[in-house]
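Structural description and commentary
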Amino acid sequence: MPYNVVTVTDSATLIIEQNTRRKDLNILNFSDTLIVYIGPDSNVTVLNGFPVYPNQGFSNKINIASHWKGPIYGVVAGGTSNVRYWEIQE
């Protein structure tokens, strides 16, 4: 079960690579103030990405369904945010 911490910046940052064995994936934005926007490729921006809101405890984690096996990128409007993920594989 891979897990890691990735520093997301104001440039599209790879959070986790494609994995055809992915069964489940949880992503948590560990910033207290910044929104991280995620998307399926390096074209993600703060205007088109899906928002992962600042850490309010573990209730603000995002679960990626098992049918998405592709990569996930993230970006913030400015500064940096630590994003944590936990992936479950088949």
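The sections below set out a description of the structure shown in this document. (Residues numbered from 1 in each chain as written. Predicted model: local features only at pLDDT ≥ 70, side-chain atom pairs only at ≥ 80, totals over all residues. Heavy atoms only, no water.)

What follows is about the overall build of the protein. Tallying secondary structure elements over the protein gives zero helices and eight strands in all. Reading the secondary structure of the protein in the N-to-C direction produces β-β-β-β-β-β-β-β. Whereas a compact globule of 90 residues would reach a radius of gyration of roughly 12 Å, the protein reaches 12 Å, a difference of no more than 12%. Overall, the protein is about 35 × 30 × 15 Å in size when its C-alpha atoms are taken along their principal axes. Expressed as a percentage of the 90 residues in the protein, the buried residues total 38%. Taking as baseline every contact in the protein between residues at least 6 positions apart, the subset at least 24 positions apart corresponds to 79%. Counting only carbon and sulfur atoms, one obtains 52% of the accessible surface of the protein, whose full area is about 5,200 Å². (Helix = DSSP H or I, 4+ residues; strand = E, 2+ residues; numbered from the N terminus. Rg over C-alpha atoms; globule rule 2.2 N^0.38 Å. Buried < 20%, exposed > 50% of the residue type's maximum accessible area, 1.4 Å probe, protein only. Contact = heavy atoms within 4.5 Å. Areas by Shrake-Rupley, 256 points an atom, 1.4 Å probe, with all protein chains shown as cover.)

The next thing to look at is the sheet that holds strand β8 (residues 81-89). Taken together, four strands build an open sheet; the order of strands is β1-β8-β3-β6 and the sheet is antiparallel. At either margin of the open sheet sits one strand with a lone partner, and together these are β1 (3-8) and β6 (62-64). If you compare each strand with its neighbour and ignore which way they point, the axes differ by 25° on average. (Pairing = 2+ DSSP bridges. Axes fitted to C-alpha atoms, helices over the stretch in contact; angles between N-to-C directions.)

What the rule picks out here adds up to one aromatic pair. Ring geometry for Y3 against W86: centres 5.8 Å apart, planes inclined by 35°, an arrangement best described as tilted. Residue Y3 is located in strand β1, and its partner W86 is located in strand β8; the two are separated by 83 residues in the primary sequence. What makes Y3 exposed here is its relative accessible area of 61%. Looking at W86, the relative accessible area reads 45%, which means it is partly exposed. The positively charged end of R84 is found above the aromatic ring belonging to F30, 3.8 Å away from the centroid. (Phe/Tyr/Trp six-rings, centres within 6.5 Å; stacked < 30°, edge-to-face > 60°. Lys NZ or Arg CZ within 6 Å of the ring centre and 35° of its normal.)

So, about the pairing of strand β4 (residues 36-39). Burial along β4 is two-sided: V36 and I38 facing one way and Y37 and G39 facing the other are all buried. Pairing between β4 and strand β5 (residues 50-52): three bridges, direction antiparallel. The partner of V36 across the bridge, within β5, is V52. Relative to strand β7 (residues 72-75), β4 runs antiparallel, the two sharing three bridges. What sits directly across from Y37, in β7, is V75.

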